[in-house]
Amino acid sequence: FDIGSDNAVLAPRDSPAPPLPVDNFRLRGAADIDARLIRVDQFSIATPFGSFDAAGSIGLEPLSPSIALAATFSEMPVWALKQLWPAASSSCGLPS
């Protein structure tokens, strides 16, 4: 898979922060169904306020699923970082 977008906007419904312009978004990798493995070679989001880059894998083994992840964030304001956080996870103890 190779999914990308230029000049997008992140504006979660439950966030009072202003919409976050996204200069570039890219999610690239591969799914190996037989090996039960999803490989993420590149997951990156670049905004005028900072950037996020990650790579990793998700193993879907029946008895012991796994996640391996390496990520870097550039310096960015907290409000911008919160716009990047998945909405489904916002109730997992992150301050609002």
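Residues numbered from 1 in each chain as written. Predicted model: local features only at pLDDT ≥ 70, side-chain atom pairs only at ≥ 80, totals over all residues. Heavy atoms only, no water.

Participant: How should I be thinking about a nonpolar patch on the surface in this particular structure?
Facilitator: A contiguous nonpolar surface patch, about 420 Å² in accessible area, is contributed by Ile58, Leu60, Ile67 and Leu69. Note on placement: Leu60 falls in the loop between strand S4 (50-59) and strand S5 (66-73). Take Leu60: its relative accessible area is 44%, and that puts it in the partly exposed class. (Patch = residues over 30% accessible without salt bridge, like charges linked within 9 Å, V, L, I, M, F, W, Y side chains within 5 Å. Areas by Shrake-Rupley, 256 points an atom, 1.4 Å probe, with all protein chains shown as cover. Salt bridge = Lys/Arg side-chain N within 4 Å of Asp/Glu carboxyl O. Helix = DSSP H or I, 4+ residues; strand = E, 2+ residues; numbered from the N terminus. Buried < 20%, exposed > 50% of the residue type's maximum accessible area, 1.4 Å probe, protein only.)

Participant: Explain the pattern of salt bridges to me, please; I cannot follow it from the model alone.
Facilitator: Opposite charge on two side chains lets them pair, provided their charged atoms get close. Under the defined criterion, the tally for this structure stands at 2 salt bridges. Its salt-bridge partner being Asp2, residue Arg26 comes within 2.7 Å of it at the nearest N-O pair. One end of the pair, Arg26, is in strand S2 (residues 20-32); the other, Asp2, is in strand S1 (residues 2-10), and 24 residues separate them in sequence. Between Arg39 and Asp41 there is a salt bridge, with its nearest N and O atoms 2.7 Å apart. Looking at Asp41, the relative accessible area reads 41%, which means it is partly exposed.

Participant: Just to check I follow, could you spell out the packing of aromatic side chains for this structure?
Facilitator: Two measures describe an aromatic ring pair: the distance that separates the ring centres and the angle between the ring planes. In this structure the tally under the stated criterion is 4 aromatic pairs. On the basis of an interplanar angle of 80° and a centroid distance of 6.0 Å, the ring pair of Phe25 and Phe43 is categorised as edge-to-face. Taken together, the residues span a long stretch of sequence, with Phe25 in strand S2 and Phe43 in strand S3 (residues 37-47) at a distance of 18 residues. Ring geometry for Phe43 and Phe52: centres 5.2 Å apart, planes at 80°, overall edge-to-face. For Phe43, a relative accessible area of 26% translates into the label partly exposed. An aromatic cluster is defined as three or more aromatic residues linked by ring pairs; in this entry it consists of Phe25, Phe43, Phe52 and Phe73. (Phe/Tyr/Trp six-rings, centres within 6.5 Å; stacked < 30°, edge-to-face > 60°.)

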